[in-house]
Amino acid sequence: MSSSPSINAIELRGVTKRFATPSGGIHTALRDLDMEVAPGEFCAVVGPTGCGKSTTLTLVSGLEKASRGTVKVDGRPVTGVTPGVGFMFQTDAVFPWKSVLDNVAAGPRFRGAGRRKANDAARDWLRRVGLAGFEDRYPHQLSGGMRKRVALAQSLINEPRVLLMDEPFAALDVQTRSIMSDELLGLWEQTRPAVIFVTHDLEEAIALADKVIVLTAGPGRIKATFRIDLPRPRKAQEIRFTDAFVSLYSEIWEALRSEVETAYARSTAEVTT
Amino acid sequence: MAVHQPAVVAVDADEGSVRSRISGRVRRRILINVCRVALLGGALGGWELGVNTNHIDPFFWGQPSGIYKQLKTWITDGTPQGSLADQILVTLQEAVYGFLIGVSLGVVLGIALGRNRFLADLFSPFIKVANSIPRIVLGALFTVAFGFGLTSKVILAVVLVFFGVFFNAFQGTREVDRNLLSNARILGASRWQTTRQVVLPSAFTWILASLHISFGFALIGAVVGELLGADKGMGLLIRSAQNNFNANGVLAGMAVIGVIALVAEALITALENRLLRWRPPQMAGDAGV
């Protein structure tokens, strides 16, 4: 990495985020959140539904502003959408009216690259995500897993130093999901951006990350941070059967379980009242 | 969630069942066309029969054979005001100009207001009022102000076309998937790039839906403008037929306009299919009526 190791790639200090609800109330998604991710570090964030996991990502990306506290990327405060940050959304966000090639080339084109150069880079990235030969298809002609690969190439082509992923594989079936996990790790090793990977799947979190952060039931605060010292390169499909994995899983699940139960009790209480 | 295409089905299913499905579709299409022709024949035949049995007065309501004769005369001998083709071209020109200008204005302003809250709040009461008044009456004003020529009809057509397109473009802009907008911003798109490459294609589904109705409005604008005062065109032809108590002439004029509208509709559908290629077939398929 070019930046010195002392500067965090992502840093949140005392961040609070409130939203106005449609009914006129105020919803606090995050309260006094502190978080840092080192350059090149893969950080997974787990937590119960509605704990502000996704909100964290929108704050780091600059799509939303924190109500209080500071958000820094590469040591600079985030004031708007920051170049050098990539974002993979939970739902499909590839442009349905652009061909696969144009979708991947969109980033460089938006940033002023010529068509030739952008297309060459896009072809290269499509090859890397295993979609060579699909350049002229439209997204609706691809399977869900292939669309995720397009989205991945679309983000990575900009060579982000920070990659934010919001349950990117949640909509995929289990087999496709573990294949995508391995591909993600392979691609991540090539460019090594700092990653925040939001998920509610603890297995996925441990298999991918260097560090797993457990958030409390909303408003989200950090409950515990776990370092994952499993050796790399990893195979997501195989690593989950190792002893180290299993003991990490039970340790983190212990922290996560009470939060999940709290969130669940709340949601059922809301339904019954 | 996963959208499977007919192409995929064709590979999986055995060929016989695919073929029988295709021939079933062809059969259904033939059946529908036969029924359409039968319906039209029945209506016209009943009308003709009604006239022949003195149940319908052809002085007021005309009769199919009379309309046919009238059309034949116009085509072979020309109309009192010049050849039929000339009249059609004049009306068509007015309608097409009005259509193009109205659609452009509607799309540009619809997207601009859809993207800009301040402008939307500023203009919305004026636009609502302007939309609810019977704009066709303005035709009388335009004829006085802009004369018997092309301009007054084009302006009337623009006024009629604009609102439908505007409201669709506005709504389409508001309905753009927020994820796509966020994604474009993250990927580095400027506001203008987002409008051009995300909002416009996304709103196009809405805009194209309005075009079908809009060309009809453009034709109405042109014809009504001519009815109110013109020296050429289908509207004038209808008007002079009316002045001569020639019901068949009025109806023949309407039939010609109907054919123009049908051809235009086919062209717009072709344009729609071309521009919305990216949509999955089950969405892009027959738009219905």
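Just so we're clear, the structure is a prediction, and the values are computed from it rather than from any experiment.

Novice: So, the interface of chain B and chain A: which residues are in play, and what are the values?
Specialist: Listed as interface residues are 23 residues of chain B and, on the opposing side, 25 residues of chain A. Overall, the association of chain B and chain A removes approximately 2,300 Å² of surface from exposure, summing both partners, and the carbon and sulfur fraction of that is 61%. On the chain B side of the contact with chain A, Ile 186, Leu 187 and Trp 278 of chain B bury the most area, a combined 33% of that side's loss. Between chain B and chain A we count zero salt bridges in total. Taken together, the connections running from chain B to chain A amount to 11 residue pairs in polar contact (both at pLDDT 80 or more). Elements with a contribution of two residues or more to the side of chain B that touches chain A: α9 (178-187) and α10 (191-228) of chain B. The biggest single contributor to the side of chain B that touches chain A is α9 of chain B, with eight residues. The residue inventory of the side of chain B that touches chain A, partitioned by class, reads 12 nonpolar, eight polar and three charged.

Novice: Please set out empty space enclosed by the protein residue by residue, giving values where relevant.
Specialist: A complete count under the given rule lists two cavities of 30 Å³ or more for this structure. What the largest cavity holds in volume is close to 70 Å³. Taken together, Phe 87, Met 88, Phe 89, Thr 91, Asp 92, Ala 93, Val 94, Lys 148, Ala 151, Gln 154 and Ser 155 of chain A together with Asn 183 of chain B make up the full set of residues lining the largest cavity. Breaking the lining of the largest cavity down by element, the ones donating at least two residues are β6 (85-88) and α4 (144-156) of chain A. Ranked by residue count, the leading element in the lining of the largest cavity is α4 of chain A, at four residues. A breakdown of the residues in the lining of the largest cavity according to their chemical character gives six nonpolar, four polar and two charged. Within this model, the second largest cavity holds a volume of roughly 30 Å³. Lining the second largest cavity, in full, are Glu 167, Phe 169, Ala 170, Arg 177, Thr 199, His 200, Asp 201 and Glu 204 of chain A.

Novice: Summarise the sheet that holds strand β5 (residues 76-77) of chain A; cite the residues concerned and give the values.
Specialist: Residue and element names in this part refer to chain A. Reading across the sheet, the four strands line up as β2-β1-β4-β5 and stay open at both edges, with antiparallel pairing between neighbours. Because the sheet does not close on itself, it has two edges, and the strands there are β2 (26-37) and β5. As judged from the five bridges shared by strand β1 (residues 10-20) and strand β4 (residues 68-73), these two strands associate in the antiparallel manner. Counterpart to Ile 10 in the pairing with β4 is Val 73. Set on the sheet, helix α1 (residues 53-61) makes contact with β1, β2 and β4; between it and β1 the angle comes to about 115 degrees.

Calculation notes
- Residues numbered from 1 in each chain as written.
- Chains lettered and ligands numbered in written order.
- Predicted model: local features only at pLDDT ≥ 70, side-chain atom pairs only at ≥ 80, totals over all residues.
- Heavy atoms only, no water.
- Contact = heavy atoms within 4.5 Å.
- Buried area = accessible area lost by both parts, 1.4 Å probe.
- Salt bridge = Lys/Arg side-chain N within 4 Å of Asp/Glu carboxyl O.
- Polar contact = N/O pair within 3.5 Å; in protein donor to acceptor, adjacent residues only side chain to side chain.
- Helix = DSSP H or I, 4+ residues; strand = E, 2+ residues; numbered from the N terminus.
- Nonpolar A, V, L, I, M, F, W, Y, C, P; charged D, E, K, R; others polar.
- 1 Å grid on protein atoms, 1.4 Å probe; cavity = no way out; pocket = protein on both sides within 12 Å on 5 of 7 lines; lining within 4 Å.
- Points joined across faces, edges and corners; volume = space filled by probe spheres on them.
- Pairing = 2+ DSSP bridges.
- Axes fitted to C-alpha atoms, helices over the stretch in contact; angles between N-to-C directions.

These results come straight from atomic positions and should not be treated as a statement about function.
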